[in-house]
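These are the residues of each chain, in order.
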Amino acid sequence: LKDRGAPPLGHNIAMYRKLVVAILSKNHTGSMNCNYQTLISDLRNILYHIADSSTFTQQDSFEYPNTEGFEPLLMATHYYNLYLTAMQHNLKDIALKIALTLIR
């Protein structure tokens with residue numbers, strides 16, 4: 001997706017939801033894995049680019065917004081990237097606050 005571009009949001013919201021859930025639920029215990037953090041960062045950038053390039057007022061044929069449910073995916077990915085960065089720099093107080101925000 002990073003190299004070739006991502007499909008437009010529209011009817012692909014389920015695909016993006018499955019992708020985000022699969023990546024964020026991936027087991028990465030142990031030492032901080034730089035490849036995993038890079039993957040999360042790339043996913044966040046891709047989702048941001050999709051959100052930035054799509055119009056949030058666009059509607060499908062049933063007049064439902066195409067972006068329904070997309071913003072929480074972007075925000076969860078963003079906060080998780082912040083959490084990993086805070087843990088990497090041993091900022092545990094900030095990481096705790098970010099983790100609480102993710103739980104909400």
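In short, a report on the structure. (Residues numbered from 1 in each chain as written. Predicted model: local features only at pLDDT ≥ 70, side-chain atom pairs only at ≥ 80, totals over all residues. Heavy atoms only, no water.)

1. Notes on the nonpolar core
Counting residues in each nonpolar core, the largest one holds 17 residues, and the members touching the most others are L9, Y16, I40, L47, I50, F70 and L73. Those elements that place two or more of their residues in this core are α1 (13-24), α2 (34-53) and α3 (70-88). Broken down by element, this core gets its largest block of residues, 7 residues, from α2. Setting aside residues no more than four positions away along its own chain, L47 makes contact with Y16, V20, F70, L73, L74 and T77. (Core = buried A, V, L, I, M, F, W, Y, C linked by side-chain atoms within 4.5 Å. Buried < 20%, exposed > 50% of the residue type's maximum accessible area, 1.4 Å probe, protein only. Helix = DSSP H or I, 4+ residues; strand = E, 2+ residues; numbered from the N terminus. Contact = heavy atoms within 4.5 Å.)

2. Thoughts on the packing of α1 against α3
Where α1 meets α3, the axes come as close as 10 Å, and the angle between the chain directions of the two elements is 20°. Here α1 is positioned roughly parallel relative to α3, judged by the angle of their axes. Seen along the crossing, α1 lies across α3 with a hand that is left-handed. Contacts between α1 and α3 involve I13, Y16, R17, V20 and L24 on the former and, on the latter, F70, L73, A76, T77 and Y80. Taken together, the residues of the contact of α1 with α3 sort by class into 8 nonpolar, 1 polar and 1 charged. (Axes fitted to C-alpha atoms, helices over the stretch in contact; angles between N-to-C directions. Parallel < 35°, antiparallel > 145°, perpendicular 65-115°, else oblique. Left-handed = near helix turned anticlockwise from the far one by under 90°. Nonpolar A, V, L, I, M, F, W, Y, C, P; charged D, E, K, R; others polar.)

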